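What follows is each chain in one-letter form.
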Amino acid sequence: MSAALLRRIALTLTLPALLSTTALAQQAAPSSAATPATPSVACGGDLPAFLAGVKAEAVSKGVPAEAVDKALDGAQIDQKVLARDRAQGVFRQTFLEFSQRTVSQARLDIGRQKLKQLAPIFERMEKEFGVAPGVVTAFWAMETDFGAVQGDFNTRNALVTLSHDCRRPEIFRKQLIALTEMVQHGDLEPATNTGAWAGEIGQVQMLPADIIEYGTDGDGDGHINVKTSAADAVLTAAAFIKGMGFQAGQPWLQEVELPENLPWEKSGLGNEMPASEWFALGVKPRDGDTKFGDLPTALVLPQGRKGPAFLTYPNFGVYLKWNQSFIYTTSAAYFATRLSGAPPYLKGTPEPGLDDAGMKALQTKLQARGHDVGKIDGILGSGTRVAVQKEQKRLGMAADGWPTQALLDSL
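Since the structure is predicted, the reported quantities are computational estimates derived from the model, not experimental observations.

A.B. asks: Sorry if this is basic, but what is going on with the side chain of Thr137 here?
C.D. replies: Examined against the element boundaries, Thr137 turns out to sit in helix H9 (residues 133–144). Of the residues examined, Thr137 reaches a relative accessible area of 0% and is grouped as buried. Engagement of the side chain of Thr137 in a polar contact is seen with the backbone oxygen of Pro133, the distance being 2.8 Å. Every residue in contact with Thr137, bar those within four places of it in the chain, is listed here: Gly111, Leu115, Phe122, Phe146 and Leu339.

So this is what it looks like as structure tokens:
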């Protein structure tokens, strides 16, 4: 399964189990519960009538009728898309497991080769968009292995299927309309274009509306082809990342070493303070760089205080807009630091976490104490982590948000 499809599974270990893909797909991400259609968006019913409605809407927005006809001609409901949508599972790996698998030496080597091969494109990217080359290259690797695995679902049929389905038509219908615009521009062949099952396209897996808004012609052929043109794909991704608020010249993630005693309850993405305050408490950047001390940061401990530790800077917010899974985003951000020259992180010696049964038992106990942990699902989401920190603090334990057998026993 490609990284793009993995993104549509609830990877979340320290954030809510919000399913997401690249930016708009964070909203489009399927959930296990049906979401009713908004009254203004038609769905279901006779497929030809539904497609006629899509055509009328697209034409009203300026897409020529002939382009819409070409885009929708032969459209079908894809039952495999519906099956994927309804078969959402939960991907359970720790940060160490997931990051070591995805940020492999082979991928690092290929990424560095790509940075050299496309040096003029990356130079243009930094100049026009202010996005560090490693940021886009890491996404490129994690989404499709540099374009090798882009998905084999017909994009038009996937979006017709999800728009016609009444779970989230308001999300996918606008993507279908955007697809007709891509056909109008000659940037997509509807009968043959393939991608991920939820409509993402190309080497960095973006949805049609984002491609329409941020598409950048990197190879000068007058078209935006994010499937076959690496130059188009990376520049379009960079424009998208800038559009999400990436600030040029600022860090996104910085590995740190920790003193024995910290106010651990201040850790976590929900707690921010200037980096200089963390430095004053004895938190030490491994790279020695403290020049961004005025920026707000959060101390994240993916596997507790004895595992890898990072400060997240404002640019890390772009990663969370790209994908709301903390494990994915932290791994992608770490990957980008490696491509930008950082050494491998210090693994540390994290305390063993709880297995699925243990996590469910812990959540049950936390819920009984009045904490909102959401569904008892064995997932360390943000609600569970906050509750863990509160109980750790109440019990006099190091409140690093990492659930252990000792905490479960104490409860």
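A.B. asks: Is there a simple way to explain the packing of helix H3 (residues 47–60) against helix H11 (residues 169–184) in this structure?
C.D. replies: Packed helix pairs are characterised by how far apart their axes lie and by the angle those axes make with each other. Look at H3 against H11: their axes get within 10 Å of each other, and the N-to-C directions meet at 65 degrees. Our pair here, H3 against H11, has a crossing hand that is right-handed. Taken together, the residues of H11 that come into contact with H3 (itself represented by Phe50, Gly53, Val54, Glu57 and Ala58) are Arg173, Leu176, Ile177 and Thr180. Tallied by class, the residues present in the contact of H3 with H11 amount to five nonpolar, two polar and two charged.

A.B. asks: I would appreciate a short explanation of the environment of Ala52 in the present structure.
C.D. replies: Following the sequence through the fold, Ala52 ends up in helix H3. Between the alpha carbons of Ala52 and Asp69 there is a distance of 9.6 Å; along the sequence they are 17 residues apart.

A.B. asks: Can you help me understand the environment of Lys360 in this one?
C.D. replies: Residue position: Lys360 is located in helix H17 (residues 356–368). Between the C-alpha atom of Lys360 and that of Ile379, which follows or precedes it by 19 residues, the distance is 8.0 Å.

A.B. asks: Explanation requested: helix H8 (residues 119–129) in the structure shown.
C.D. replies: Residue pairs three or four apart in sequence face the same way in an α-helix, which turns once every 3.6 residues. Along H8, the positions that sit buried rather than exposed are Ile121, Phe122, Met125 and Phe129. Along the long axis of H8, the arc covered by the buried residues comes to 95 degrees, so they all point the same way. Facing away from the buried side of H8, by more than 90 degrees, are the exposed residues Pro120, Glu123 and Lys127. On its buried face, H8 is in contact with helix H7 (105–117), H9 and helix H13 (230–243). A positive backbone phi angle near 70 degrees is found at Gly130, which sits one or two residues after H8.

A.B. asks: Any chance you could explain the pairing of strand S3 (residues 253–257) here in plain terms?
C.D. replies: Regular strands have side chains that alternate between both faces of the sheet. Taken across its five residues, S3 has four buried, putting it largely inside the fold. Inspection of the sheet shows S3 paired to strand S7 (residues 310–312) by three bridges, in the antiparallel sense. Opposite Leu253, over in S7, you have Thr312 as the bridge partner. Relative to strand S5 (residues 284–285), S3 runs antiparallel, the two being bridged by two bridges. Bridge pairing links Glu257 to Lys284 in S5.

A.B. asks: Is there a simple way to explain H11 in this structure?
C.D. replies: End to end, H11 covers 22 Å across 16 residues, agreeing with the expected 22 Å (1.5 Å per residue, within 8%). Most of H11 is tucked away: twelve of the 16 residues are buried. Turning to H11, its buried residues are Pro169, Ile171, Phe172, Arg173, Gln175, Leu176, Ile177, Ala178, Leu179, Thr180, Met182 and Val183. Gly186 occupies a position one or two residues after H11 and carries a positive phi of about 75 degrees.

A.B. asks: Explain unusual backbone geometry here, please?
C.D. replies: Both trends apply: most residues other than glycine have a negative phi, and most peptide bonds are in trans. Not every positive phi belongs to a glycine, and Phe146 is a case in point at roughly 60 degrees. Relative to the helices and strands, Phe146 resides in the loop between H9 and strand S1 (153–154). You will see that Gln205, though not glycine, has its phi angle at about 55 degrees, which is positive. Residue classification places Gln205 among the buried positions, given a relative accessible area of 0%.

A.B. asks: Honestly, the packing of helix H4 (residues 65–72) against H11 in this entry has me stumped. Any pointers?
C.D. replies: It is the contact of H4 with H11, at a shortest axis distance of 8 Å, that shows an interaxial angle of 110 degrees. With respect to their mutual orientation, H4 and H11 come out roughly perpendicular. For H4 against H11, the interelement crossing comes out right-handed. Seen from H4, the contacting residues are Ala67, Val68, Lys70, Ala71 and Leu72; seen from H11, they are Leu176, Leu179, Thr180, Val183 and Gln184.

A.B. asks: I would appreciate a short explanation of the sheet that holds S7 in the present structure.
C.D. replies: Working definition: the strands of a sheet are paired by backbone hydrogen bonds and lie parallel or antiparallel to each other. Across the sheet, which stays open at both edges, the five strands sit in the order S4-S6-S7-S3-S5 with antiparallel pairing between neighbours. Each edge of the sheet is formed by a strand with only one pairing partner; in this case those strands are strand S4 (273–274) and S5. With three bridges joining them, strand S6 (residues 296–300) and S7 adopt antiparallel strand pairing. Residue pairing for S7: Leu299 is matched across the bridge by Leu311.

A.B. asks: I keep staring at the pattern of salt bridges and nothing clicks. Help me out?
C.D. replies: Opposite charge on two side chains permits pairing when their charged atoms draw close. Summed over all chains, the structure comprises 17 salt bridges. Across the salt bridge formed by Lys55 and Asp69, the nearest N and O atoms sit 2.9 Å from each other. Here Lys55, found in helix H3, pairs with Asp69, found in helix H4; they are 14 residues apart in sequence, far enough to count as distant. Note on Asp69: relative accessible area 38%, which makes it partly exposed. A salt bridge links Asp400 to Arg305, with the nearest nitrogen and oxygen atoms 3.3 Å apart. One end of the pair, Asp400, is in the loop between helix H18 (382–394) and helix H19 (405–410); the other, Arg305, is in the loop between S6 and S7, and 95 residues separate them in sequence.

A.B. asks: I would appreciate a short explanation of the packing of aromatic side chains in the present structure.
C.D. replies: Geometrically, a pair of aromatic rings is defined through the distance of the ring centres and the angle of the planes. Applying the stated criterion across every chain, the model contains 13 aromatic pairs. Between Phe139 and Tyr319, the ring centres sit 5.2 Å apart and the planes meet at 35 degrees, which makes this aromatic pair tilted. With Phe139 in helix H9 and Tyr319 in helix H15 (residues 316–322), the pair connects residues that are 180 residues apart, well separated along the chain. Residue classification places Phe139 among the buried positions, given a relative accessible area of 1%.

So, how was this worked out
Residues numbered from 1 in each chain as written. Predicted model: local features only at pLDDT ≥ 70, side-chain atom pairs only at ≥ 80, totals over all residues. Heavy atoms only, no water. Helix = DSSP H or I, 4+ residues; strand = E, 2+ residues; numbered from the N terminus. Buried < 20%, exposed > 50% of the residue type's maximum accessible area, 1.4 Å probe, protein only. Polar contact = N/O pair within 3.5 Å; in protein donor to acceptor, adjacent residues only side chain to side chain. Contact = heavy atoms within 4.5 Å. Axes fitted to C-alpha atoms, helices over the stretch in contact; angles between N-to-C directions. Left-handed = near helix turned anticlockwise from the far one by under 90°. Nonpolar A, V, L, I, M, F, W, Y, C, P; charged D, E, K, R; others polar. Arc of directions from axis to C-beta. Pairing = 2+ DSSP bridges. Expected span 1.5 Å × (residues − 1). Parallel < 35°, antiparallel > 145°, perpendicular 65-115°, else oblique. Salt bridge = Lys/Arg side-chain N within 4 Å of Asp/Glu carboxyl O. Phe/Tyr/Trp six-rings, centres within 6.5 Å; stacked < 30°, edge-to-face > 60°.

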